[in-house]
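Listed below are the residues making up each chain.
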Amino acid sequence: MPVKDYIRERFFPHIWCQGCGHGIVLNSLLRAIDALGLSKNEIVMVSGIGCSSRISGYVDFHTLHTIHGRALAFATGVKMSRPELNLIVPMGDGDALAIGGNHFIHAARRNIDMTAVIMNNRIYGMTGGQFSPLSGFGTLATTAPYGNIDHDFDIVKLATAAGASFVARTTTYHVKQLTDILRYAILHEGFSVVEILSQCPTYFGRKNRLGNAVEMMEYYRNNTTPIGSKSKKENPDLIERGIFVQDERPEYCSEYDKLIEKAMKGH
Ligand SMILES: Cc1ncc(C[n+]2csc(CCOP(=O)(O)OP(=O)(O)O)c2C)c(N)n1
Ligand code: SF4
């Protein structure tokens, strides 16, 4: 199906700045869904607030545009009541890991079947470029004009430690890998986390003198490497891309069904 058949054209033109990475993520996501042959009615997209979260307004699935940081909590409610549906949750790094950090670790720990798509642009884009927990030490932001003294953390390591059963990372430069990873993530039964390095040329790029969108994407090309590559051994600063975790583990809704059965037998 052409990608345009999955979108709500009445909401276009979109709100994103020229060169924003989030549009690339939307395109890859729709291509992944198309490759899986899912019908629009089988998908529920739940999001909070942010430039990245705006994706839920543009797609013609069942959609819920909810509160900043609470998308995973709403998605958990939907999944518990309709476990047969595919839940996709697009989030920004602020939405997922600042205000939403607690929901994130617990959704991962429960291994509830949904796909968390985290667009990591290392900044709060929508509200004007405040630093996020992913900005990193020494970066500049509207709220860190003399340099950020907060340290960041590694989303892949956090998700893995919290118990996510599918964990991957890629970038907006690597669109083929992005589409493939999203396809595997949606297929996976359990909590899937896909971190996507996605450029915000307007705030993160401009403040940190990283050039335009193309230059920011070239940075992704030059500073990332497939997991376990030879270049990673030679240059440990390179950021690894690929699927880090893909495990079969008991899924929350299936276990909940078993619990209901047990309780019914008990009476
Ligand atoms: C409860 C609440 N707190 C704060 C805000 C303001 N707010 C809206 S979006 C946002 C951060 C957006 O950053 P991120 O989630 O990283 O997404 P991006 O816009 O960078 O894609 C904030 C702080 C809000 N809408 N609601
Ligand atoms: S502010 Fe940044 S994240 Fe938001 S639309 Fe513009 S480029 Fe994208």
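Scroll up to find the structure this text is about.
Values in this document were obtained by computation on a predicted structure and should not be read as measured data. (Residues numbered from 1 in each chain as written. Chains lettered and ligands numbered in written order. Predicted model: local features only at pLDDT ≥ 70, side-chain atom pairs only at ≥ 80, totals over all residues. Heavy atoms only, no water.)

(A) Representation of the site of ligand 2. Close to ligand 2 lie Trp16, Cys17, Cys20, His22, Cys51, Asn121, Gly125, Cys200, Pro201, Thr202 and Tyr203, which account for all nearby residues. With three residues, helix 8 (residues 201–207) is the single largest residue contributor to the shell around ligand 2. Among the residues forming the shell around ligand 2, the class breakdown is seven nonpolar, four polar and no charged. (Near = heavy atom within 4 Å. Helix = DSSP H or I, 4+ residues; strand = E, 2+ residues; numbered from the N terminus. Nonpolar A, V, L, I, M, F, W, Y, C, P; charged D, E, K, R; others polar.)

(B) Layout of the nonpolar core. By size, the foremost hydrophobic cluster in this structure holds 30 residues, and its most contacted members are Leu72, Leu87, Phe104, Met114, Ile118, Phe191 and Val193. Breaking this core down by element, the ones donating at least two residues are strand 1 (43–47), helix 3 (71–81), strand 3 (86–92), helix 4 (93–97), helix 5 (101–110), strand 4 (114–120), helix 6 (155–162) and strand 6 (191–197). Formed by 29 residues, the second largest nonpolar core is a distinct cluster that contains Val25, Leu38, Met45 and Ile88. (Core = buried A, V, L, I, M, F, W, Y, C linked by side-chain atoms within 4.5 Å. Buried < 20%, exposed > 50% of the residue type's maximum accessible area, 1.4 Å probe, protein only.)

(C) Here's a closer look at the site of ligand 1. Lining the immediate environment of ligand 1, one finds 17 residues, of which Cys51, Ser52, Gly94, Asp95 and Gly125 sit closest. Asp93 places a polar main-chain atom, nitrogen or oxygen, 3.4 Å from an oxygen atom of ligand 1. Between an oxygen atom of ligand 1 and a main-chain N or O atom of Ile123, the distance comes to 3.1 Å. For ligand 1, whose unbound accessible area comes to 590 Å², protein coverage reaches 76%. The site holding ligand 1 turns out to be the second largest pocket. For the shell around ligand 1, the class distribution of residues is six nonpolar, nine polar and two charged. (Polar contact = N/O pair within 3.5 Å; in protein donor to acceptor, adjacent residues only side chain to side chain. Areas by Shrake-Rupley, 256 points an atom, 1.4 Å probe, with all protein chains shown as cover. 1 Å grid on protein atoms, 1.4 Å probe; cavity = no way out; pocket = protein on both sides within 12 Å on 5 of 7 lines; lining within 4 Å. Sits in = over half its atoms within 2 Å of the grid points.)

(D) Summary view of the layout of surface pockets. Each pocket or cavity is described by its volume, and for the largest pocket that value is around 630 Å³. In terms of lining, the largest pocket is formed by 28 residues, of which the most central are Asn120, Arg122, Asp152, Leu197 and Ile239. Listing elements by their share of the lining of the largest pocket, those giving two or more residues are helix 6, strand 6, helix 9 (213–223) and strand 8 (239–246). Residue classes in the lining of the largest pocket are distributed as 13 nonpolar, five polar and 10 charged. Empty space within the second largest pocket amounts to approximately 200 Å³. In terms of lining, the second largest pocket is formed by 17 residues, of which the most central are Ile49, Gly50, His68, Tyr124 and Gly125. Element by element, the count of residues in the lining of the second largest pocket is highest for helix 4, at three residues. Across the lining of the second largest pocket, the residue classes tally to five nonpolar, 10 polar and two charged. (Points joined across faces, edges and corners; volume = space filled by probe spheres on them.)

(E) The arrangement of the packing of aromatic side chains in detail. This structure, assessed with the given rule, holds five aromatic pairs. Arranged with centres 6.5 Å apart and planes meeting at 25°, the rings of Tyr252 and Tyr256 form a pair that is stacked. Of this pair, Tyr252 and Tyr256 both sit in helix 11 (residues 252–265), four residues apart, which is roughly one turn of the helix. Look at Tyr252 and you get partly exposed, because its relative accessible area is 29%. A relative accessible area of 38% means that Tyr256 is categorised as partly exposed. The ring of Tyr58 carries the charged tip of Arg54 above its face, separated from the ring centre by 4.8 Å. (Phe/Tyr/Trp six-rings, centres within 6.5 Å; stacked < 30°, edge-to-face > 60°. Lys NZ or Arg CZ within 6 Å of the ring centre and 35° of its normal.)

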